[in-house]
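Below are the chains, spelled out letter by letter.
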Amino acid sequence: MFQTAKYIFAFQLFWVFGAQAANIAVIAPKVGPMAKFGYNLSEGVRTAIEDINQNGGILGEQLNLITVDDQCEDSFAVSAAQMMALNSSAKDKINLVIGPYCGNAFARISQIYAQGKIIRIVPVPVDKAQYNLNEAGLIKIGGIVSEEAEAFFAFYQNRFAGKNIAVAYESSLAAALETAYGLRALFDENGQGNRLTLYDLAGYQEDYERAAQEILLNNKIVYILGRPKVTAVMAQKLQEKNSETVLLIDEYLATPLFFREMGNFAEGVYVMAKEDLKDSPTFTEELVRLRLDGREPKGLGVYGYAAVKLWSDMVRRAGSMDFDKINKQRDGTQFDLPWGKVEFSGGRALQSSGYEVYQIVNGEYTQVD
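Quick caveat: nothing in here was measured; it's all calculated off a predicted structure.

Caption draft 1: Structural view of the environment of Glu214. Secondary-structure assignment places Glu214 in helix H7 (residues 208-215). Of the residues examined, Glu214 reaches a relative accessible area of 30% and is grouped as partly exposed. Distance in space between the C-alpha atoms of Glu214 and Ser110 is 42 Å, their sequence separation being 104 residues. Leaving out residues up to four positions away in the same chain, Glu214 has contacts with Tyr199 and Tyr204.

Okay, structure coming up:
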């Protein structure tokens, strides 16, 4: 357990006694509306660690898993990073951090981990500023949130071409803002700017009744980019006024809270989410092997799994767990990830997995062609 005067962070450690060990920390929410994503991510990391340990470990060392909940708050994220960076003894040193799931204090904690010589791999999409940040030891494999705009535009062209669409977004959310303006640019570039209207929900001061009324004057298709509660309330207002409204949401902004709030009214809603990769040809053989062994990473778990495997490849190539030696492996080298061969530049993955569109049918996710 690490602690400061103000915060106490409870870490779950899975020690492998009798063997020299390396420590891997995954930072993800354990409670609250984002707990599902945190659980999947942590389980993916756990799966990779168990797989590596059962096959002899890395460089003669077994791996320990440490789970941390920073509660998606800046102060917790910074304090957790500072505590981990202070542990420099061979036994307690953190060799790898996966996450955090939330992008709180991203630049600050990146600096702390770099100074503490801890490799950090971010497995989820990040905004533009985070994507372009280049700190030593920082590796981003989840891509950039603006890729969601590209995936959505392709879906629109295939399914709703020629129809008016509204994007209702919260400008206070960097990911929502970037996706909304990314869509604006794509529609304009393709001569369809008149089909897209942006509605910044901040301007309605929580009067979602008025927002729904104005949106539905000229639109029957609405893409909502907001926090869980806001997304649920906005969706309900839209459906109350017109039950035939086509709704689309971002899974990671809406979170499972949206589905609890919506209940049966979530039926038919389209969901944008990262590709689950279960059908990826590159990942098929490894996934079958894991299934035969009773393990299977799901959802964001695949990205947690990939992060640990990427680090293990870097360690083997460097022949060491030394931070500087691993950092030298980061850029200009090709690595195998579940979505294909990937190179890095400035810690950015030059090839990332894409987004997919799902629809809620009978309460289950159904992939949309």
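Caption draft 2: Fine view of helix H11 (residues 301-318). Given a rise of 1.5 Å per residue, 18 residues ought to cover 26 Å, and the 26 Å separating the end C-alpha atoms of H11 matches this to within 8%. Phi turns positive, to about 70 degrees, at Gly319, one or two residues after H11.

Caption draft 3: Focus on empty space enclosed by the protein. One pass over the full model with this rule turns up 1 cavity of 30 Å³ or more. Considering only enclosed or pocket space, the largest cavity measures out at about 30 Å³ in volume. In terms of lining, the largest cavity is formed by Ser110, Tyr113, Ala114, Ile118, Arg120, Glu135, Ala136, Gly137 and Leu138. For the lining of the largest cavity, the element with the most residues is helix H3 (residues 106-115), which contributes 3 residues. By residue class, the composition of the lining of the largest cavity is 5 nonpolar, 2 polar and 2 charged.

Caption draft 4: Layout of the nonpolar core. Ile121, Ile141 and Trp311 are the most contacted members of the largest nonpolar core, which has 109 residues in total. In contact with Trp311, other than residues within four places in its own chain, are Ala22, Ile24, Ile58, Leu63, Asn95, Leu96, Ile119, Ile121, Met321 and Ile326.

Caption draft 5: View of the layout of surface pockets. Approximately 690 Å³ is the volume attributed to the largest pocket. Lining the largest pocket are 30 residues, and of these Tyr101, Cys102, Gly103, Ala175 and Leu253 lie nearest its centre. Counting residues per element, the ones that place at least two in the lining of the largest pocket are strand E7 (119-122), helix H6 (174-189) and helix H9 (251-262). Tallied by class, residues from the lining of the largest pocket come to 19 nonpolar, 6 polar and 5 charged. In this structure, the second largest pocket occupies an estimated 590 Å³ of space. Lining the second largest pocket we find 30 residues, and of these Lys36, Glu251, Gly299, Tyr358 and Tyr365 sit closest to its centre. For the lining of the second largest pocket, the secondary-structure elements that each account for two or more residues are helix H1 (35-54), H9, strand E13 (270-274), helix H10 (281-292), H11, strand E17 (355-361) and strand E18 (364-367). A breakdown of the residues in the lining of the second largest pocket according to their chemical character gives 14 nonpolar, 6 polar and 10 charged.

Caption draft 6: Main features of unusual backbone geometry. Cis geometry marks the peptide bond from Gly99 to Pro100; its omega dihedral reads 0 degrees. Positive phi, normally seen in glycine, also occurs at Leu59, with a value near 55 degrees. Checked against the element boundaries, Leu59 lands in the loop between H1 and strand E5 (62-68). The class for Leu59 is partly exposed, based on a relative accessible area of 46%. Its identity as a non-glycine residue notwithstanding, Glu206 has a phi of 70 degrees, on the positive side. Counting through the fold element by element, Glu206 comes out in the loop between strand E10 (196-200) and H7.

Caption draft 7: Summary view of the packing of aromatic side chains. Inspection of every chain in the model, using the stated rule, returns 15 aromatic pairs. Aromatic side chains Phe37 and Tyr252 sit 5.4 Å apart centroid to centroid with 65 degrees between the ring planes, which places their arrangement in the edge-to-face category. Taken as a pair, Phe37 in helix H1 and Tyr252 in helix H9 lie far apart in primary sequence, 215 residues in all. Counting every residue linked through ring pairs, the aromatic cluster contains Phe152, Phe155, Phe160, Tyr223 and Tyr270. In this structure, Lys36 packs its charged tip against the face of Tyr365, placed 5.6 Å from the ring centre.

Caption draft 8: Structural detail: the sheet that holds E10. Strand order across the open sheet formed by 7 strands is E10-E9-E11-E12-E13-E17-E18, with mixed pairing between neighbours. Both edges of this open sheet fall to E10 and E18, since each of them pairs with a single strand only. Each adjacent strand pair in this sheet contributes to an overall mean axis angle of 30 degrees, direction not counted. Across 5 bridges, strand E9 (residues 165-169) lies against E10 in parallel orientation. Bridge pairing links Ala168 to Tyr199 in E10. Helix-sheet contacts for H6 involve E9, E10 and strand E11 (221-225), and the interaxial angle to E9 is about 155 degrees.

Caption draft 9: Seen up close, the packing of helix H5 (residues 146-159) against H6. Contact geometry of H5 with H6 gives a least axis separation of 8 Å together with a crossing angle of 50 degrees. Here H6 runs oblique to H5, going by the angle between their axes. Along this stretch, H5 crosses H6, giving a crossing that reads as right-handed. For the pair H5 and H6, contact is made by Glu148, Ala149, Glu150, Phe152, Phe153 and Tyr156 and by Thr179, Gly182, Leu183, Leu186 and Phe187, respectively. Class assignment of the residues belonging to the contact of H5 with H6 gives a composition of 7 nonpolar, 2 polar and 2 charged.

The rules we used
Residues numbered from 1 in each chain as written. Predicted model: local features only at pLDDT ≥ 70, side-chain atom pairs only at ≥ 80, totals over all residues. Heavy atoms only, no water. Helix = DSSP H or I, 4+ residues; strand = E, 2+ residues; numbered from the N terminus. Buried < 20%, exposed > 50% of the residue type's maximum accessible area, 1.4 Å probe, protein only. Contact = heavy atoms within 4.5 Å. Expected span 1.5 Å × (residues − 1). 1 Å grid on protein atoms, 1.4 Å probe; cavity = no way out; pocket = protein on both sides within 12 Å on 5 of 7 lines; lining within 4 Å. Points joined across faces, edges and corners; volume = space filled by probe spheres on them. Nonpolar A, V, L, I, M, F, W, Y, C, P; charged D, E, K, R; others polar. Core = buried A, V, L, I, M, F, W, Y, C linked by side-chain atoms within 4.5 Å. Phe/Tyr/Trp six-rings, centres within 6.5 Å; stacked < 30°, edge-to-face > 60°. Lys NZ or Arg CZ within 6 Å of the ring centre and 35° of its normal. Pairing = 2+ DSSP bridges. Axes fitted to C-alpha atoms, helices over the stretch in contact; angles between N-to-C directions. Parallel < 35°, antiparallel > 145°, perpendicular 65-115°, else oblique. Left-handed = near helix turned anticlockwise from the far one by under 90°.

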